[in-house]
Amino acid sequence: MTQPVRKAVFPVAGLGTRFLPATRAIPKEMLPVVDKPLIQWAVEEAASAGIEEFIFVTAPGKEAIEAHFGPAPALDHALEEKGKDGLLRESRALAALGAHVTCVLQPEPLGLGHAVWCAREQVGGEPFAVLLPDDMVLDETPCLQQMVAAYGKVGGNLVAVEDVPREHTNRYGIVDPGDGEDTGERGALVAVAGLVEKPDPSQAPSTLSVIGRYILQPRVFELLEAGERGAGGEIQLTDALAGMIGDMPFHGLRFSGERFDCGDKIGYLRANMAYARDRDDLRDAVAVLCKAFV
Ligand code: UTP
């Protein structure tokens, strides 16, 4: 029996330089996909996977993220007066989620590994999820839900993986599947024999990249404690994860669904189109819009 995954960490302290100038005053994680900010999509995904506590690793100047989940009595009152019941329900649901949000500061953006380490006290000694809000996965079954189900079978550390073009391996953490079986099918688990951060395409052990969804054991905090710098001079989560291979089960889940890298302009635009097309009230208008641009 694996211990249930009750807590999730959302690293949201990065600078979002690829989206400047939009992200000068507005955090990247507050950019909307259709009509919800990235962070809300991620928190709702976590909630649907059974997560009960949401830990934001945030930075000075990014208060809008926490405020988004706070109470909004004046707005709620105005919505009530106008009889906008649907919007009122949504506003209250957000504040209800917010009651389970804790924030911790990452004083400087030293890297994803450092951001996760900043949440060590809030996580404590139990397995936890990490969701990077700028990675989105569109599927009938939310990606973290797929992972929680797979984790129940294998335990240990679990990362979501997908193939990328070989020329892009230097943008991601890449899995070495060793001699393990890899059917390449959606939903399949791949045993992780090694992990490398942003390898040159000529050196990459595979084209299987780790996306921003993880279920991790608290031992990762001990490895991050050393604060060693890796690729790009940052404290990399991938390096700490690599240090646990062989000590406990470690798998990649070939999740089902389409992944969008919303930290990148084209990925973000694609996500907006795909998520709008997924909505009954917008699908037809999106089809017309797409034709207009062909
Ligand atoms: P990214 O590298 O995609 O985000 O990190 P970034 O650094 O904000 O963006 P660019 O590359 O400058 O455009 C993925 C996630 O990890 C968080 C980011 O906020 C983002 O949600 N992060 C990254 C931290 O919380 N702290 C860090 O030190 C680095």
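The structure displayed is predicted, hence computed values, not measured ones.

J.: Lay out the overall build of the chain in plain terms, naming residues and giving numbers.
T.: Within the chain, the regular secondary structure consists of 11 helices and 14 strands. Taken over C-alpha atoms, the radius of gyration comes to 19 Å for the chain, in line with the 19 Å a tight globule of 294 residues would show. C-alpha atoms of the chain, sized along the principal axes, occupy 60 × 50 × 40 Å. Counting the 294 residues in the chain, one finds 48% classified as buried. Here the contacts in the chain between residues at least 6 apart in sequence split such that 78% fall between residues at least 24 apart. For the chain, the exposed surface amounts to about 14300 Å²; the carbon and sulfur share of it is 53%.

J.: Explain empty space enclosed by the protein residue by residue, including any values.
T.: Scanning the model with the defined rule gives 1 cavity of 30 Å³ or more in all. The volume enclosed by the largest cavity comes to roughly 40 Å³. Every residue along the wall of the largest cavity is listed here: Val159, Leu195, Val210, Tyr214, Leu237, Thr238 and Leu241. Broken down by secondary-structure element, the contributors of at least two residues to the lining of the largest cavity are β12 (208–216) and α9 (237–242). Per-element accounting of the lining of the largest cavity gives the leading share, 3 residues, to α9. Here the lining of the largest cavity is built from residues that sort into 6 nonpolar, 1 polar and no charged.

J.: Tell me what's going on with the packing of helix α10 (residues 265–277) against helix α11 (residues 283–293), and back it up with residues and numbers.
T.: Two elements in contact, α10 and α11, have axes whose closest approach is 8 Å; the angle formed by their N-to-C orientations is 135°. By the angle between their axes, α10 is oblique relative to α11. Residues Met273, Ala276 and Arg277 of α10 form the contact with α11, whose participating residues are Arg283, Val286, Leu289 and Cys290. Split by residue class, the contact of α10 with α11 holds 5 nonpolar, no polar and 2 charged.

J.: Tell me about the nonpolar core, and please be specific about residues and values.
T.: The nonpolar side chains of soluble globular proteins are, as a tendency, buried together. Within the largest apolar cluster, 33 residues are counted, with the highest numbers of intra-cluster contacts made by Phe128, Tyr214, Val220 and Leu241. Contributions of two or more residues to this core are made by β4 (53–58), α5 (112–117), β6 (128–131), β8 (157–163), β12, α8 (220–225) and α9. The biggest single contributor to this core is β12, with 4 residues. Discounting residues that sit within four places of it in the chain, tyrosine 214 has contacts with Leu112, Phe128, Ala129, Val130, Leu132, Met147, Leu158, Val159, Leu237 and Leu241. Ala46, Ile65, Phe69 and Met147 belong to the second largest nonpolar core, which has 32 residues in total.

J.: Residues and numbers for the pairing of β12, please.
T.: The two faces of a sheet get side chains in turn, since along a regular strand they alternate between them. For β12, a buried count of 9 out of 9 residues is recorded, marking the element as mostly surrounded by other parts of the structure. Examined bridge by bridge, β6 and β12 share 4 bridges and lie antiparallel to one another. When the bridges of β12 are listed, phenylalanine 128 appears paired with leucine 216. Inspection of the sheet shows β8 paired to β12 by 5 bridges, in the antiparallel sense. Residue pairing in the sheet places aspartate 163 in a bridge with leucine 208 of β12.

J.: Report on a nonpolar patch on the surface, specifying residues and quantitative values.
T.: There is a patch of nonpolar side chains on the surface, built from Met273, Leu289 and Phe293 and spanning about 320 Å² of accessible area. Exposure remark for phenylalanine 293: the relative accessible area of 71% places this residue in the exposed category.

J.: Which residues make up helix α7 (residues 143–154), and what values do they have?
T.: With 12 residues, α7 extends 17 Å from end C-alpha to end C-alpha; this agrees with the ideal 16 Å at 1.5 Å per step. Of the positions making up α7, those classed as buried are Cys143, Leu144, Gln146, Met147, Ala150 and Tyr151. The arc that holds every buried residue of α7, seen down its axis, measures 150°, which confines them to one face. Backbone geometry just downstream of α7 places glycine 155 in the positive-phi region, at approximately 60°.

J.: Lay out the pattern of salt bridges with the relevant residues and their values.
T.: Any two side chains of opposite charge can pair, on the condition that their charged atoms come close. Applying the stated criterion across every chain, the model contains 19 salt bridges. Across the salt bridge formed by arginine 270 and glutamate 258, the nearest N and O atoms sit 2.6 Å from each other. Placement of arginine 270 in helix α10 and of glutamate 258 in strand β14 (residues 258–261) is noted, with a sequence separation of 12 residues between them. Note on glutamate 258: relative accessible area 35%, which makes it partly exposed. One network of salt bridges, with partners in common, ties together Arg6, Lys7, Glu52, Glu53 and Glu126.

So, how was this worked out
- In this numbering scheme, every chain counts its residues from 1 along its sequence in written order.
- Local features in this predicted model are restricted to residues whose pLDDT is 70 or higher, and side-chain atom pairs enter the listing and the counts only when it is 80 or higher, whereas totals over whole chains, interfaces and linings include all residues.
- By convention in this description, side-chain values take in all heavy atoms of the structure and omit both hydrogens and water.
- In this text, helices come from DSSP runs of H or I with a minimum length of four residues, and strands from runs of E with a minimum of two, each type numbered from the N-terminal end.
- Radius of gyration means the value over C-alpha atoms here, while the globule rule gives 2.2 Å times the residue count to the 0.38 power.
- To sort residues, take the accessible area from a 1.4 Å probe on protein chains only and compare it with the maximum for the residue type: under 20% means buried, over 50% means exposed, and anything in between is partly exposed.
- What makes two residues a contact is simply this: any of their non-hydrogen atoms within 4.5 Å.
- Method for areas: the Shrake-Rupley scheme with a 1.4 Å probe, in which residue coverage is limited to the protein chains shown.
- Every definition here rests on a 1 Å grid over the protein atoms only: cavities are sets of points where a 1.4 Å probe fits but cannot get out, pockets are open sets enclosed by protein on both sides within 12 Å along at least five of seven lines, and lining residues have some atom within 4 Å of a point.
- Grid points are joined across faces, edges and corners, and a volume is the space filled by probe spheres set on the points.
- Residues are grouped as follows: nonpolar covers Ala, Val, Leu, Ile, Met, Phe, Trp, Tyr, Cys and Pro; charged covers Asp, Glu, Lys and Arg; every other residue, Gly included, is treated as polar.
- Structural elements are reduced to axes, namely lines fitted to C-alpha atoms, with helices fitted over the stretch in contact, and the angle between N-to-C directions of any two is expressed from 0 to 180 degrees.
- Should an angle lie under 35 degrees it is considered roughly parallel, over 145 roughly antiparallel, and from 65 to 115 roughly perpendicular; all remaining angles are considered oblique.
- In this text, buried Ala, Val, Leu, Ile, Met, Phe, Trp, Tyr and Cys residues form a nonpolar core when linked through side-chain atoms within 4.5 Å.
- Following DSSP output, two strands are said to pair if at least two bridges run between them.
- Like-charged residues are merged into a patch within 9 Å and nonpolar side chains (Val, Leu, Ile, Met, Phe, Trp, Tyr) within 5 Å, provided each residue has over 30% relative accessible area and no salt bridge.
- Between Lys or Arg on one side and Asp or Glu on the other, a salt bridge is scored when a side-chain nitrogen of the former is within 4 Å of a carboxyl oxygen of the latter.
- A helix is expected to span 1.5 Å multiplied by its residue count minus one.
- In this context, the arc is that of the directions from the helix axis out to the C-beta atoms.

On their own, these measurements won't tell you what the molecule is for.
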